[in-house]
Amino acid sequence: GPRMPADRLTTRPSATPRLLIGPFLAATGTHPQRLALDIGAFFMRLRHTRVPSSWEHRHARLMLPVRVLIGTWLLFLTAILYGYGRGGWWGLLLLPAAALHFYIAYRLRHALRSSSR
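Residues numbered from 1 in each chain as written. Predicted model: local features only at pLDDT ≥ 70, side-chain atom pairs only at ≥ 80, totals over all residues. Heavy atoms only, no water.

Caption draft 1: Inspection of the nonpolar core at higher detail. Within the largest apolar cluster, seven residues are counted, these being A60, M63, L64, I104, A105, L108 and L112. Going through the elements one at a time, helix 5 (60-83) and helix 6 (90-116) are the ones with two or more residues in this core. In terms of residue count, the dominant contributor to this core is helix 6 (four residues). (Core = buried A, V, L, I, M, F, W, Y, C linked by side-chain atoms within 4.5 Å. Buried < 20%, exposed > 50% of the residue type's maximum accessible area, 1.4 Å probe, protein only. Helix = DSSP H or I, 4+ residues; strand = E, 2+ residues; numbered from the N terminus.)

Below, the structure written as structure tokens:
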């Protein structure tokens, strides 16, 4: 199909992530409406994802310490990176990931308590 010029893709008044990746779209030939559908489908699937998963609920005794260890490792790694002055933007990625692992561990603990009653 016909390709849209990169300047038309980047000047569209829209609040969607398509604005930021206009040059990428032009280079790959991806149509903006197709990208919008893909992004919408991704967020719709993400909205309906169970955290923790049903497999993790069934194996909560195994996954609870695994999640706590991963969260602890991410905190330790962040502290090491910042200790050596190499932290930079890594904290914005590692700290929320650690918090997510601790949150999932908390939910698994709650699932273990409710199943043992």
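That shown, we press on.
Caption draft 2: Spotlight on a nonpolar patch on the surface. Taken together, V51, L100, Y103 and Y106 make up a surface patch of nonpolar side chains, about 400 Å² in accessible area. Within the fold, Y106 resides in helix 6. (Patch = residues over 30% accessible without salt bridge, like charges linked within 9 Å, V, L, I, M, F, W, Y side chains within 5 Å. Areas by Shrake-Rupley, 256 points an atom, 1.4 Å probe, with all protein chains shown as cover. Salt bridge = Lys/Arg side-chain N within 4 Å of Asp/Glu carboxyl O.)

Caption draft 3: Region of the structure containing helix 5. Given a rise of 1.5 Å per residue, 24 residues ought to cover 34 Å, and the 34 Å separating the end C-alpha atoms of helix 5 matches this to within 8%. Here the buried face of helix 5 lies against helix 4 (54-58) and helix 6. (Expected span 1.5 Å × (residues − 1). Contact = heavy atoms within 4.5 Å.)

Caption draft 4: Broad picture of the packing of aromatic side chains. Within this structure, the stated rule accounts for one aromatic pair. Between W73 and F76, the aromatic rings sit 5.8 Å apart at their centres with planes inclined by 40°, giving tilted as the arrangement. Taken as a pair, W73 and F76 lie in helix 5 at a separation of three residues, close to a single helical turn. Owing to a relative accessible area of 47%, F76 belongs among the partly exposed residues under this scheme. (Phe/Tyr/Trp six-rings, centres within 6.5 Å; stacked < 30°, edge-to-face > 60°.)

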